[in-house]
Amino acid sequence: MRYVSAAVESGPGEPLTYLIPEGADIRLGDCVLLPLGTRKAVGFAVGFSDTTEFENTKPVEAVIDTPFTLTEELIDLAWEMSRMYVCPIGKVFTVMLPAFFKLKIRCSVPAPESLPSYDDLKPRDTALLKRICRGEGAEDIENLFDGRESEVKSALTRLEKAGIIKRRYRIAPPKVKERILKGVALGHVPKKLTDKQKIAVDALIKAGKPLAATRLEKEYGVSSAVQRTMINKGILKPAEIRVRRMPHFGAATAPRYDLTAEQTRALERIIEDTDGNAFAETLLFGVTAGGKTEVYLRAIEHVLAKGKTAMVLLPEIALTTQIMNIFRERFGDDVAVLHSALSHGERYDEWQRIAEGEAKVVLGPRSAVFAPISNLGIIIIDEEHEDSYKQEDSQPRYNGKDVARIRAKRNNALLLLGSATPSMETFYRARQGEIGLITITKRVADRPMPKMMAVDMRRMYKSGKVSVFTPELEEAMRRTLAAGRQIMLLQNRRAFSTMFLCRDCGYTAKCPNCSVSLKYRKSSNSLVCHYCDHSEPAGGVCPNCGGTRLGKFGIGTERVEEEAKKVFPEAKVLRLDRDTTTAKGSHEAILSEFRRSGDILVGTQMIAKGLDFPGVTLVGIISADTSLGLPDFRAGERTFRLLAQVGGRAGRGEDPGQVIVQTFDPENTAVEKAMNHDYVGFYESEIGDRAELNYPPFTHLATILSSDEDEDRAMSRAAEMAEALKSLPPELSRKLTVIGPAQASLGVIKNKHRFRIILKSPKRETLVEALRLAFDKAPGCAKHITPDIDPATLI
């Protein structure tokens, strides 16, 4: 007998063992239909054995034909991630595969063939059975739920055990499939042809492949009637043509140019690393506008010439759109892009192009690291410092950089990390010699770095003339617009205002589901929560005291946009944030319009990441202090890199740039160092504090989040986990520091109370082992506890 280990998304942590039916052909990575308790589940074959310790092992029910294949490399990657992030392997597969590939099991209950007896049934079972007999469950049992899912499922189980009904299961097909067009191919071509027939034959010979019938008609004037006649005579034969839905992008914006001396040296080092045919990791530490993208392109050209492939990860969809234009111009259809803003059909076809080897370069944000590409020669992570490479909203809470490192090692490829403001951990590793370091200190064409100026907001408030724009910023904006140049304004908060407060009683509008204040959106006159999406009308009367003196405090991007339009009515003002980019293609549309005819672009940190607009000569930062006061040890690092990165958008063309930073704390180290473009100085100041407080890179962190709608349950589970961690064997516990549990900084999110434990250890492996042993000691907590290895934030 043969057995298969199957990873089930909704099953327990470890894969489950099933008997392989006689004659069944199950291969590694196959999708299978499995019995799981009283229901059915979809799983993936991740291992095989000839024996099992379990008795009465249930057989696999079916092998499911799917439009995707899990390669051996991706299965090995899933196992590694399961161990690294203390997460069931079934959950790993849920993040590896695009949503449209996920298969759902549908259950139906046909009416019994013979009329059942109702005598011994409970009243609620009788009522349900009558509905079944009327055929209400014949299509899907969801039609029977009426908001009582668990109750109905229990009743169905009782009726099935009594032999009265029989549930049937089927696999709902994926949301998308291949796009097939009717076409024609050459058959037997006679010597004599009509003019139209000759046109059709010549077109097919020139194409060297079948052509769509509609294309022959529209482009060559060969009507469907002529085509049918040719098919009847055997001159043509019917064919099916698979059409790829390729994402549409605009024109290229970065023509090839001669490399600078620093770029040339950097490229030579990178080529040397890729030619070593062994894993290597290198940091490309280059100033903004130093030409890192061109170095990436040349390195990829070299890798492709060797017959290998490349992967490029980017932090934002907006940046993916711009870079894709450049890559598509350089590499044509060899480039595939994967990101959530594509349609299901586009993502499906791009995935298939990669899997079938049509695409040699994969481009996309964090999730593109799971692309089914093989024979990698280089993986590039642009803007490697960005927190967006870390998954924070579901398990496993993986870091795209860690996963890329695993893939690079398995392919003996180069992992190239690029940034003008590397993360503290990455720069520390480079300084220690653990990874390579390549430096670019000058901008392309020897352009100067932008002039940075900090404006003390305290002076403006003392004068009593409070405005979104300080006089210094407003005057600079006037000069820039008069010169016909462009402006970017950063405010790292969405909405119009960040607080809605009653001046009479002090009431603040708060989210009923989260422990945060509601933000005011003027466009819809509503109060919204940016965590759970709760929304309510913004009334004119205080619900607490009945007063009408309601104030809107704090500045969001919507307010900055309105103020810019008010102060500069002739200017074309655009806004780029999450609220304006919900529609498909909106990122590209806004950025293209700004490049083409925009004067002022207002945005959140989305505009700080790698965007290249030669016409931008002024960048204004409305409030540099947004992140400085947050209770997180990375607050200073985030502030420095945000100022440095968004400032780097200025002066990338022929004209020099200027950056004006509005701040209440100009003496802060992060602000001071950013004003001088001094990353190394900031690093040396910050690294001393990290060492003194024993924070990364001198230690590894993990957090354990316990959340529940019941506060007592959330706290008790956190306490149980803390006790399990503190009672580990001495040889492990002495390497571990346990802090907490305590209420998280955001104590309630989406109606769930949150308590957190923080773990510290010099080695990541110690954290992983400690968490696994603690889960074994407190098995009842596993479903309600979320571990996070090396979290991006402690908030």
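In what follows, the accompanying structure is described. Source: prediction; values computed, not measured.

What counts, and where the lines are drawn
Residues numbered from 1 in each chain as written. Predicted model: local features only at pLDDT ≥ 70, side-chain atom pairs only at ≥ 80, totals over all residues. Heavy atoms only, no water. Salt bridge = Lys/Arg side-chain N within 4 Å of Asp/Glu carboxyl O. Helix = DSSP H or I, 4+ residues; strand = E, 2+ residues; numbered from the N terminus. Buried < 20%, exposed > 50% of the residue type's maximum accessible area, 1.4 Å probe, protein only. Pairing = 2+ DSSP bridges. Contact = heavy atoms within 4.5 Å. Axes fitted to C-alpha atoms, helices over the stretch in contact; angles between N-to-C directions. Core = buried A, V, L, I, M, F, W, Y, C linked by side-chain atoms within 4.5 Å. Expected span 1.5 Å × (residues − 1). Arc of directions from axis to C-beta.

Throughout the structure, instances matching the rule amount to 66 salt bridges. R256 serves as the salt-bridge partner of E301, at 2.7 Å between the closest nitrogen and oxygen. Of the two residues, E301 sits in helix α9 (residues 292-305) while R256 sits in the loop between β10 (236-243) and α8 (261-274), which places them 45 residues apart along the sequence. The exposure class of R256 is partly exposed, given its relative accessible area of 48%. A single network of salt bridges, built from pairs that share partners, joins E281, D402, R405, R429, E434, R764 and D790.

Spatial strand order, β9-β8-β10: three strands in an open sheet with antiparallel pairing. Whereas interior strands pair on both sides, the edge strands pair on one side only; in this sheet they are β9 (211-212) and β10. With eight bridges joining them, strand β8 (residues 179-186) and β10 adopt antiparallel strand pairing. The residue bridging V184 from the neighbouring strand is P238, located in β10. Here helix α7 (residues 224-232) sits on the sheet in contact with β8 and β10, set at roughly 120 degrees to β10.

By the criterion of burial, strand β11 (residues 280-286) is predominantly enclosed, with seven of the seven residues buried. Side chains of β11 alternate between two faces, with A280, T282, L284 and G286 and E281, L283 and F285 buried alike. Here six bridges tie β11 to strand β16 (residues 414-419), and the two strands are oriented parallel to one another. Counted as the bridge partner of T282 is L416 from β16. Relative to strand β17 (residues 436-440), β11 is paired through five bridges, and the arrangement is parallel. Note that in β17 the partner of F285 across the bridge is T439.

Counting through the fold element by element, T617 comes out in strand β27 (residues 616-621). By relative accessible area, T617 is classed as buried at 10%. The residues touching T617, leaving out its near neighbours within four places in the chain, are T480, R485, Q486, A650, G651, D655, P656, G657 and Q658.

Turning our eyes to something else, we now look at the nonpolar core. Membership of the largest hydrophobic core comes to 149 residues, with the highest contact counts inside it found for I300 and I378. A total of seven residues in this core trace back to one element, the largest contributor, which is α9. Beyond its immediate chain neighbours, meaning those up to four positions away, I300 contacts A310, V312, F327, F331, V361, I378 and I380. L473, L489, A571 and I600 belong to the second largest nonpolar core, which has 19 residues in total.

All right, on to α8 then. For an α-helix, the turn length of 3.6 residues means that residues three or four places apart are oriented alike. Over its 14 residues, α8 extends 20 Å from the first C-alpha to the last, a length consistent with the 20 Å expected when each residue adds 1.5 Å. Among all positions of α8, only E262, Q263, A266, L267, I270, D273 and T274 are buried. Looking down the long axis of α8, one finds its buried residues gathered within 130 degrees of arc, a one-sided arrangement. Residues of α8 that are exposed and angled more than 90 degrees away from the buried face: R265, E268 and E272. Those residues of α8 that are buried are in contact with β11, α9, β15 (376-382), β16 and β17.

Here we take up the sheet that holds strand β32 (residues 785-789). The four strands are arranged β30-β31-β29-β32 in an open sheet whose pairing can be described as antiparallel. Where the open sheet ends on each side, the last strands, each with one partner, are β30 (737-749) and β32. Strand-to-strand twist in this sheet, taken as the mean axis angle between neighbours without regard to direction, amounts to 20 degrees. Pairing of strand β29 (residues 700-708) with strand β31 (residues 752-761) involves nine bridges; the strand directions are antiparallel. Bridge pairing in β31 links S707 to R754. Here helix α21 (residues 711-726) sits on the sheet and contacts β29, β30, β31 and β32; the angle it forms with β31, its principal contact strand, is near 15 degrees.

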